[in-house]
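# Coordinates in review
Given next are the chains, with one letter for each unit.
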Amino acid sequence: MLRAAALLLVLAIMAGLRQLAPAPSDPSASVALALGFALLAAYLLGGAAERVRLPRLSGYLLFGLICGPYLLNLITSPMARELQVVNGLALALIAVVAGLELNLRRLRPQARAVLTIAGVTMLGTLAVLSIVIWTAWPWLPFPPLAGAGRVAAAIVTGALVASFSPTVSIAVIAEARSRGPLTDLVMAVVILSDLLLIVIFALALQLARWSGAEGAGEVGVGIQLAWEMVGSLAFGAIVGALFAVYVRVIGREVTLALLGLCALLAFVAPRLHFELILSALAAGLVVENIAPPDGDALKLAVERGALPVLIVFFAAAGASLQLDALAIIGSTAVALALLRLGCIRWMGDLSVRIAGLAHTPARMTWMGLVSQAGVTLGLATIVAAEFPTWGAEVRTLIVALTGLHVLVGPILFTTALRRAGEIGAIDRLEPAQTRERQV
Amino acid sequence: MGAERPTAVLVRRHPVFGVDATPLPSILWILLGIALGPMGLGLLSPAALRHLDLVVTLCLALLGVLVGLGLARHPPRDPLRTAIAATVEAALSIAAVAGVLAWLLATWDLPLPMPRPSFVVLVAICAAASAAMTDRDGDDALRGAAQLANVGDLPLVLAGTIALAMLGREAILSRLLMTAAAAIGVGFAGSLLFERASPAERGVFLGGAILLLGGIGRYLATSGLLAGFVAAMFWVRMPGVADRIASDDLRRFQHPLVMLLLVIGGATLVPTVPVIWVAAALVLLRLTAKLLAGAAVARLIRAPVARVASLLVPPGTLGIAIALNARQILDGAGTVLVGVIVLTVVASELAALALAHEREPAS
């Protein structure tokens, strides 16, 4: 009740300010207001979402959608753009958290199953979608293409449509404080799929360049891939090792140090053309698997640091959902979303059977693979820039699809985690730590 | 008693109410900012400084809250007498500096990026901030001077906010009232949330509240200092422990944020001819004004005249905060103001060091 009153109060303050005072001409003058509003109101709405058995993340997204430029306009378009100031930090933090949760010794027995599920689901979905897109190309709202150009464009578009979101899946896991077979499996599968996606996308992009003589493929695909993947992992590992030394030797202000690590990764990785998620993941993996810290300092730091960053990240994502893209390309997007959902479901079932995992949680793995978010949008932006004749239309489609999947994905995955009984398992497994946190 | 070792003067600096002494003197953070900024290594480029605008907004609200909480939670022994003395001291300092500086600027005819009266008033307000040392074992004069400097932050927050609001868009009074009303709203929302929250949730609520308070000031082109101060006073007046929670939790962020504020201040320094001339004059004017104003009010707080006056010489973080606040509203024009204040703070720190050095043999 008190929280509902506080939420209404914060909404009233924001509405009053927006109504009574004109927005400053400099968009950066509204960043702090938008961030504070998003942090408070999205968190409170997330709590309300949890009460009706929706994931908290959906509450944050809904907050962004409702208060964003298309509905209440309490967060205007420039404010929504400014809110994305946390995107790099959030992506890095989410991937570091994923690395910290990935204990390779614990995962080793499942390695074959993870490889099978990721490979079959990703490649199967990609194959089906690419064929359907190639066949339906003349009827899709894209400029006409023929021959090898159409094949390459269909594969690139198929890779984008098929992609999974490690960001959202890991964020759901972190936020639900889940642990168990399904959590471990989905986390490993989405991360491996992300690696696969980068390889497939780079190859498809190169194929599109060769076939259509569009874009400038000056650097060999092999060298580019090696730089992007090996370089990302090496950079992340070095930074992670330095962080591990800090936690072990100094061990003070770990929350600030963790946020500093993520800010460093988010700032440096794109400038060196590294894949941010891979670098951050490698940093987390090194800390967890090579130099795990003693005590709870890092776990508490993650808990303190991750919550506000996740709230703002998903509230900003909700506010930036382009509903007009969905209106323009709605029927095509819905049809493709349904086809993708079916593919992930069927391929997921098939892969689990091939991997020989008969237990029930594993059969729900597909539910953790439906989300799409920032990585896909980033790749779509690259396509739009490289292939001006058809890339912009593909980007609009991907924006609409991402909007659908970012809303549906967390709900599906949280349902799966709840059915598997893994939500809140971290707190149950570590009651002493939880008690300590509550003191 | 009574003798502050020169190094201790720098180390035990206490910028505003409720803020613990920083582990390193403020001058070092300013010099670090100058070294990292466009004048030095260029790591803090103008683009990077634009991104750090959010940190300034956050710091302003945080300082406002800390001033409010400090005023209410650690009142001076004789509140009315100290409040009168602090207000008189601040007013005398501002009037003396503004009057002479206005005459000097009219004589020199230096090119300024903003109207001369506004510039003079803002410079005088920023320069009036003091940061007397705190020393819980110190003598009465030291404690009296510290309380005077601390309570003196309140008239500076108010005067600074009004001056900044006058620089901004039209409808000055309504913007100031909206700032106060919205801050009360945020304070009320905070008091509903803080007490029943887990530690992780408290971080979200407190962080959100501070961002909102800073954001209100920035959005309305007034000041996060005022918004933070009003919300803090609300938390203190409301039943419950919202003020204690805010005070305890904000302590974790105060040092990093205040250090960042000083680093940003240092990095913003662009030493043009007008900046150097005005800063040189201001150092002398400020020193004289502080000594005179301190001497004038020393009797009110029943402390030795000479000691109180000299103890008020060290400059406060609040001056840099108000200057950076003005830069947010004025954009490029405010850079001159920040430069003047940064140079003045550095020189005044050194002057305070020299004064403390002078006092040491006497003890």
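How each quantity is defined
Residues numbered from 1 in each chain as written. Chains lettered and ligands numbered in written order. Predicted model: local features only at pLDDT ≥ 70, side-chain atom pairs only at ≥ 80, totals over all residues. Heavy atoms only, no water. Contact = heavy atoms within 4.5 Å. Buried area = accessible area lost by both parts, 1.4 Å probe. Salt bridge = Lys/Arg side-chain N within 4 Å of Asp/Glu carboxyl O. Helix = DSSP H or I, 4+ residues; strand = E, 2+ residues; numbered from the N terminus. Nonpolar A, V, L, I, M, F, W, Y, C, P; charged D, E, K, R; others polar. pLDDT = per-residue confidence, 0-100. Expected span 1.5 Å × (residues − 1). Buried < 20%, exposed > 50% of the residue type's maximum accessible area, 1.4 Å probe, protein only. Axes fitted to C-alpha atoms, helices over the stretch in contact; angles between N-to-C directions. Left-handed = near helix turned anticlockwise from the far one by under 90°.

## Observations regarding the interface of chain B and chain A
The partner chain A presents 37 residues to the 32 residues of chain B that form the contact. When chain B packs against chain A, close to 2,900 Å² is buried across both sides, 78% of that on carbon and sulfur atoms. At the boundary of chain B and chain A, one finds 2 salt bridges. For the salt bridge of Arg-3 of chain A with Glu-201 of chain B, the shortest nitrogen-to-oxygen distance reads 2.9 Å. Mapped onto the side of chain B that touches chain A, the elements with two or more residues apiece are α4 (53-73), α9 (172-193), α10 (199-219) and α12 (242-268) of chain B. The element contributing the most residues to the side of chain B that touches chain A is α10 of chain B, with 15 residues. Partitioned by chemical class, the residues of the side of chain B that touches chain A number 20 nonpolar, 6 polar and 6 charged.

## Structural notes on the environment of Ile-200 of chain A
Turning to its location among the elements, Ile-200 of chain A is positioned in helix α10 (residues 181-212). With near-sequence residues (within four places) excluded, Ile-200 of chain A lies in contact with Met-122, Leu-123, Leu-126 and Ala-159 of chain A.

## Looking at the confidence of the model for chain B
Looking at chain B, pLDDT values average 81 and 87% of them are 70 or higher. On the interface metric, ipTM, the complex scores 0.84, and its pTM is 0.79.

## Some points on the side chain of Thr-414 of chain A
As for its placement among the helices and strands, Thr-414 of chain A is situated in helix α18 (residues 391-419). Thr-414 of chain A has contacts with Pro-55, Val-172 and Ile-423 of chain A, leaving out every residue within four places of it along the chain.

## Observations concerning the environment of Gln-147 of chain B
All names here are of chain B. With respect to the element layout, Gln-147 can be found in helix α7 (residues 140-151). Note: C-alpha distance between Gln-147 and Leu-62 (85 residues apart in sequence) is 20 Å. When near neighbours in sequence (up to four residues on either side) are disregarded, Gln-147 contacts Pro-76, Arg-77, Thr-82 and Gly-152.

## Describing α4 of chain B
For α4 of chain B, spanning 21 residues, the distance from its first C-alpha to its last is 30 Å, which sits close to the expected 30 Å at 1.5 Å a residue. Burial of α4 of chain B is extensive: 17 of the 21 residues sit out of reach of the surface.

## So, the packing of helix α5 (residues 87-101) of chain A against helix α9 (residues 166-176) of chain A
All names here are of chain A. Axis separation between α5 and α9 bottoms out at 9 Å; the angle between their running directions is 65°. Read as a crossing pair, α5 and α9 show a hand that is left-handed. Here Leu-91, Ile-94, Val-97 and Ala-98 of α5 come into contact with α9, specifically with Thr-167, Ile-170, Ala-171 and Ala-174. Looking at the contact of α5 with α9 residue by residue, the class counts come to 7 nonpolar, 1 polar and no charged.

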